[in-house]
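Tertiary structure, described
One letter stands for each residue in the lines below.
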Amino acid sequence: MANKISISTLPFEFKDMPYKFEKLRELGVDYVHCDIMDGAFVPNKTYTPKMLSEIAGNINLPLDVHLMVENPLDYLDILSKCATYYTFHCECFNDKKELDNAINQVKNKGLKVGIAVDLNTEVICIEAILNKIDLVLVMSVKAGAGGQKFDENSLEKIKYFDNYRKQYNLNYQIEVDGGINGDNVAKCIQMGANIVVSGSYVAKAKDMQVAINSLRIN
Ligand code: DX5
Ligand code: ZN
């Protein structure tokens with residue numbers, strides 16, 4: 001089955017998002033990758049979950065929410081009506097029990113739960129909860145900013161999660177996020193990624209349709 005494409009909100013002005021993502025929907029993208037940063041978990045700050053919830057009704061694409069925030073459970077109520085994937089960072093929680101509890105709270109809201117693993121975080125940190133989640137977000141850049149260079153070390157992580165789900169007959173999605181372009185996307189899919197995130201590569205393309213098509217591999 002062909003891989004999915006999720007376009008990051010980072011390159012766009014918040015006020016332009018409904019219009020920009022309507023254009024992107026017409027060009028065939030699958031998700032809006034809503035990068036939300038609180039200025040604490042990462043230094044940058046973006047629009048807030050409340051602001052996103054207020055425009056969600058004008059965006060006709062599923063929201064793939066990527067929370068780069070210190071307290072991801074604070075936004076459950078506000079996003080429970082509009083998020084499809086609710087993804088937060090494993091680094092927010094100190095132990096498995098806390099992470100387990102957070103996952104359960106997201107699932108109790110009827111949302112698909114994703115766990116993000118930052119560039120320098122070992123895969124072992126989330127191994128124990130892989131059988132409980134809908135998506136693993138493998139960061140191929142350091143969380144916190146768009147326009148960074150793809151880190152090839154992330155390919156090993158994608159492969160690990162693909163092998164793990166085959167070995168234990170699990171069906172979580174593997175999403176890769178950061179510095180994805182027409183040159184490195186095929187390797188990500190080859191390693192087992194199902195969803196690729198693009199921010200600057202598509203947003204800055206001369207021809208967005210050509211750029212989007214180059215991210216669809218199989
Ligand atoms: C980084 C974000 C990514 C990033 C993708 O913290 O999570 O989604 O913005 O943008 P590019 O494709 O420009 O790396
Ligand atoms: Zn992201």
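Before any of the text, the structure's been laid out above.
For clarity, every value in this text was computed on a predicted model and none was experimentally measured.

Side note on the pattern of salt bridges
Overall, the coordinates contain 13 salt bridges when judged by the stated rule. With a shortest N-O distance of 2.6 Å, Arg 25 and Glu 22 are connected by a salt bridge. Residue Arg 25 and its partner Glu 22 are both found in helix H1 (residues 17-26); the two are separated by three residues, about one turn of the helix. Glu 22 gets classed as partly exposed once you look at its relative accessible area, which sits at 23%. One salt-bridge network, in which partners are shared between bridges, spans Lys 159, Asp 162, Arg 165 and Lys 166.

A look at helix H6 (residues 154-167)
Helix length check: H6 (14 residues) gives 20 Å between terminal C-alpha atoms against 20 Å at 1.5 Å per residue, within 8%. Listing the buried residues of H6 in full gives Ser 154, Leu 155, Lys 157, Ile 158, Phe 161, Asp 162, Tyr 164 and Arg 165. In this structure, the buried residues of H6 make contact with strand S5 (112-117), helix H5 (124-127), strand S6 (135-139), strand S7 (173-177) and helix H7 (185-191). Phi for Asn 169, located one or two positions after H6, is positive at around 55 degrees.

Some thoughts on the nonpolar core
In terms of nonpolar packing, the biggest core is built from 63 residues, with Tyr 86, Phe 88 and Phe 161 touching the most fellow members. In contact with Tyr 86, other than residues within four places in its own chain, are Val 65, Leu 67, Pro 72, Leu 73, Tyr 75, Leu 76, Leu 79, Val 106, Leu 111, Lys 112, Val 113 and Gly 114. Judged by nonpolar contacts, the second largest core, of twelve residues, contains Val 42, Met 68, Leu 135 and Ile 195.

Concerning the packing of aromatic side chains
If you walk through the whole model with that rule in mind, you get seven aromatic pairs. With 5.7 Å between their ring centres and 75 degrees between their planes, Phe 88 and Phe 93 make a pair best called edge-to-face. Across this residue pair, the class does not change: Phe 88 and Phe 93 are buried. Three or more aromatic residues joined by ring pairs make a cluster, and in this case those are Tyr 160, Phe 161, Tyr 164 and Tyr 168.

Things to note about the coordination of the zinc ion (ligand 2)
Protein coordination at the zinc ion (ligand 2): the donors are His 33 (NE2), Asp 35 (OD), His 66 (ND1) and Asp 177 (OD), at 2.1 to 2.2 Å from the metal. Coordination at the zinc ion (ligand 2) is octahedral, judged from the six donor atoms that bind it and the angles of 73 to 178 degrees they form at the metal. Along the chain, the residues donating to the zinc ion (ligand 2) are arranged with the sequence spacing H-x1-D-x30-H-x110-D. Highlighted residues: Asp 35 in strand S2 (residues 31-37) and His 66 in strand S3 (residues 63-68), separated in sequence by 31 residues. The exposure class of His 66 is buried, given its relative accessible area of 0%.

Quick word on the sheet that holds strand S1 (residues 4-8)
For sheets, the rule is that strands pair by backbone hydrogen bonds, running either parallel or antiparallel. On the basis of which strands lie adjacent, the closed barrel formed by eight strands has the order S1-S2-S3-S4-S5-S6-S7-S8 and parallel pairing. Sheet twist, expressed as the mean angle between neighbouring strand axes with direction ignored, is 25 degrees. The strands touched by helix H4 (residues 96-108) are strand S4 (83-89) and S5; relative to S5, the strand with the most contacts, the crossing angle is about 145 degrees.

Side note on the environment of Cys 82
Along the chain, the position of Cys 82 falls in the loop between helix H3 (76-79) and S4. Judged by its relative accessible area of 16%, Cys 82 falls in the buried class. Between the alpha carbons of Cys 82 and Asp 64 there is a distance of 9.7 Å; along the sequence they are 18 residues apart. Residue contacts for Cys 82: discarding those within four places in its chain leaves Ser 53, Ala 56 and Leu 63.

Re the environment of Asp 74
Tracing the chain through its elements places Asp 74 in the loop between S3 and H3. Relative accessible area serves as the criterion here: at 54%, Asp 74 is assigned to the exposed category. When the C-alpha atoms of Asp 74 and Ser 214 are compared, they prove to be 37 Å apart, with 140 residues separating the residues in sequence.

Conventions we followed
Residues numbered from 1 in each chain as written. Chains lettered and ligands numbered in written order. Predicted model: local features only at pLDDT ≥ 70, side-chain atom pairs only at ≥ 80, totals over all residues. Heavy atoms only, no water. Salt bridge = Lys/Arg side-chain N within 4 Å of Asp/Glu carboxyl O. Helix = DSSP H or I, 4+ residues; strand = E, 2+ residues; numbered from the N terminus. Buried < 20%, exposed > 50% of the residue type's maximum accessible area, 1.4 Å probe, protein only. Expected span 1.5 Å × (residues − 1). Contact = heavy atoms within 4.5 Å. Core = buried A, V, L, I, M, F, W, Y, C linked by side-chain atoms within 4.5 Å. Phe/Tyr/Trp six-rings, centres within 6.5 Å; stacked < 30°, edge-to-face > 60°. Donors = N, O, S within 2.8 Å, 3.2 Å for Na, K, Ca; no water. Tetrahedral: all angles 85-135°; square planar, octahedral: opposite > 155°, others 65-115°. Pairing = 2+ DSSP bridges. Axes fitted to C-alpha atoms, helices over the stretch in contact; angles between N-to-C directions.

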